[in-house]
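As a plain string of letters, each chain reads:
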Amino acid sequence: MERLNLKIANSDIALIYEHSSELPLVGIKLVFKVAGSCNEKKHGIATMAAELLSEGSKRLGSNEFNRALDMRAILLSASAGYETFEISLECLSEHFEYGFDMLLELLAQPNYDKNILKKLKTQTLGIIASNNSDFDYQASNALKAILYPNSRLAAPSIGTPESIAQIELGDIKEFIENSLNLENMFIVLGGDIALERVKFDRLADVLKVGEVRELSPVEVSIEQREEIISRPSQQAYIYFGSPLKFALEDRYKLSVAMFILGSSGFGSRLMEEIRVKRGLAYSVYCSANLNLSYNSMSGYLQTKNENKDKAIHLIKSQIAKFVKKGVTQKELNAARNFLLGSEPLRKETMFKRLAIAQKEYYQGYDLGEFDLNLERIKSLKQKELNEFIASLEELNCLSIACLYSCLYSEPK
């Protein structure tokens, strides 16, 4: 794995590259920074732009374009996150040149057609309607609304019926042309392919140079708000979250701390205290959301309607206890053994290694940080970890979103 620098139309483009001849496969990914939903003018445009790029080029249309790819087992897709927009190509090495040509055609001639827009709007509204009966989804979005107020994260990434109705073809075209540019792009490439086979310069024919965009920070609420939603549910859905502040060099400590607190399943502190000992939940998890624009902790549990208040109280008290008293040596030993045994499996395939390298580069680390963190975990001491946990005071600034049925029968 190596990081290289390319020069495309006078733009400096970072390239993450690994050559592997184990299988005759190639994968290339164009990653555009500050190009996800954070960069849209109307809610839902980024997601719809990604869907439109799945509809083929203007020349071939959706059916012919995708049929040509399917005949050669080529996977070409686009996806939009909050901070980034990605276009991925995966194929057999022998078909890479053809697949790359199709990728370039797609970028040069997106299928801007009124019928395509109508189809995408209908599909999106159908998904939004189905989400109205998904209580997990509703509780999760309610938490985002109070945890990330006054930000794009406070509304569903897919958009709302009102915002979808307002989207026009010109909005999607403007988003694609302004967001997908060279100055905000880096490339991830791996597989059975030499660099000289990839005509990187041709990207300048289909992408504008553009200007470097700055990512605006998202303020995570410390107000400890609670949102109660009444629905005819058979159980309570409780989502909770809080700000998370830590130094970049302490990320390995955070991974161990969150593993012990709530991301390790049945071995976690929250699962042990809330489900195993007290039987107050069917499941309970929490994890860290690490991004360039914001960091937060979020989690969820499901419980009986009549147990929601006890469960919420227990979440708060257990997190407070965790910050105040830290972890035991036994918990640290168990976490260390599991992480050192399981984490290397995340690098067992080339595509997994590329995904790790992509995240390392994007978040400002040197390539190889993943392996360095495993070495640091090996020598992590209980006192050192607990001092770090004690510094995470913001974990106590919990916001809660709870969806439950107020019609449940009170226990006798």
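Preceding this section is the structure that the text describes.
Let us look at the structure shown here.

What counts and what doesn't
- Every chain is numbered independently, its residues counted from 1 as its sequence is written.
- Local features in a predicted model are, by the rule used here, given only for residues with pLDDT of at least 70; side-chain atom pairs are given and counted only at 80 or more, and totals for whole chains, interfaces and linings are based on all residues.
- The side-chain quantities take in all heavy atoms of the structure and omit both hydrogens and water.
- The secondary structure listing takes helices from DSSP runs of H or I that are at least 4 residues long and strands from runs of E that are at least 2 residues long, numbered from the N terminus.
- When a residue's accessible area, from a 1.4 Å probe over protein chains only, is under 20% of the maximum for its type it is buried; when over 50% it is exposed; and in between it is partly exposed.
- Should any heavy atoms of two residues lie within 4.5 Å, those residues are counted as being in contact.
- Strands pair, by our definition, only if DSSP identifies at least two bridges between them.
- Where helices are involved, their axes are fitted lines through C-alpha atoms of the stretch in contact, as for all axes, and angles between N-to-C directions lie from 0 to 180°.
- By nonpolar core is meant a set of buried Ala, Val, Leu, Ile, Met, Phe, Trp, Tyr and Cys residues that side-chain atoms within 4.5 Å join together.
- Salt bridge, as used here, is a side-chain nitrogen of Lys or Arg placed within 4 Å of a carboxyl oxygen of Asp or Glu.

A few words on the environment of Val 198. Relative to the assigned elements, Val 198 resides in the loop between strand S6 (185-191) and strand S7 (226-230). For Val 198, a relative accessible area of 5% corresponds to the buried category. Filtering out sequence-adjacent residues up to four positions away, Val 198 remains in contact with Ile 28, Phe 96, Phe 100, Leu 189 and Ile 193.

So, about the sheet that holds S6. Reading across the sheet, the 6 strands line up as S1-S2-S6-S3-S5-S4 and stay open at both edges, with mixed pairing between neighbours. Either end of the sheet is taken by a strand with one partner, and the two such strands are strand S1 (2-8) and strand S4 (75-80). Shown here is a sheet whose adjacent strand axes are inclined to one another by a mean of 20 degrees, direction ignored. One ladder, built from 9 bridges, connects strand S3 (residues 25-33) with strand S5 (residues 84-92); its direction is antiparallel. Across the sheet, residue Ile 28 finds its bridge partner in S5, namely Leu 89. Across the sheet, helix H1 (residues 45-52) lies against S4 and S5, angled at about 170 degrees from S4, the strand it touches most.

The next subject is unusual backbone geometry. Both trends apply: most residues other than glycine have a negative phi, and most peptide bonds are in trans. A positive phi angle, near 50 degrees, is found at Val 34, a position not held by glycine. Val 34 sits in the buried class, given a relative accessible area of 9%. Of note in this structure, Gln 224 is not a glycine but carries a positive phi near 55 degrees. Examined against the element boundaries, Gln 224 turns out to sit in the loop between S6 and S7. For Gln 224, a relative accessible area of 46% translates into the label partly exposed.

Here we take up the nonpolar core. Buried together is how nonpolar side chains tend to be arranged in soluble globular proteins. Membership of the largest hydrophobic core comes to 57 residues, with the highest contact counts inside it found for Phe 85, Ile 87, Ile 187 and Leu 203. For this core, the element with the highest residue contribution is helix H3 (residues 96-108), accounting for 7 residues. Those residues in contact with Leu 203 that sit more than four places away from it in its chain are Ile 8, Leu 30, Phe 100, Leu 104, Leu 182, Met 185 and Ile 187.

To continue, consider the pattern of salt bridges. Tallied over the full model, the rule gives 25 salt bridges. For Lys 29, the salt bridge goes to Glu 86, with nearest N and O atoms at 3.6 Å. Here Lys 29 is found in strand S3, whereas its partner Glu 86 is found in strand S5, with 57 residues between them in sequence. Looking at Lys 29, the relative accessible area reads 21%, which means it is partly exposed.

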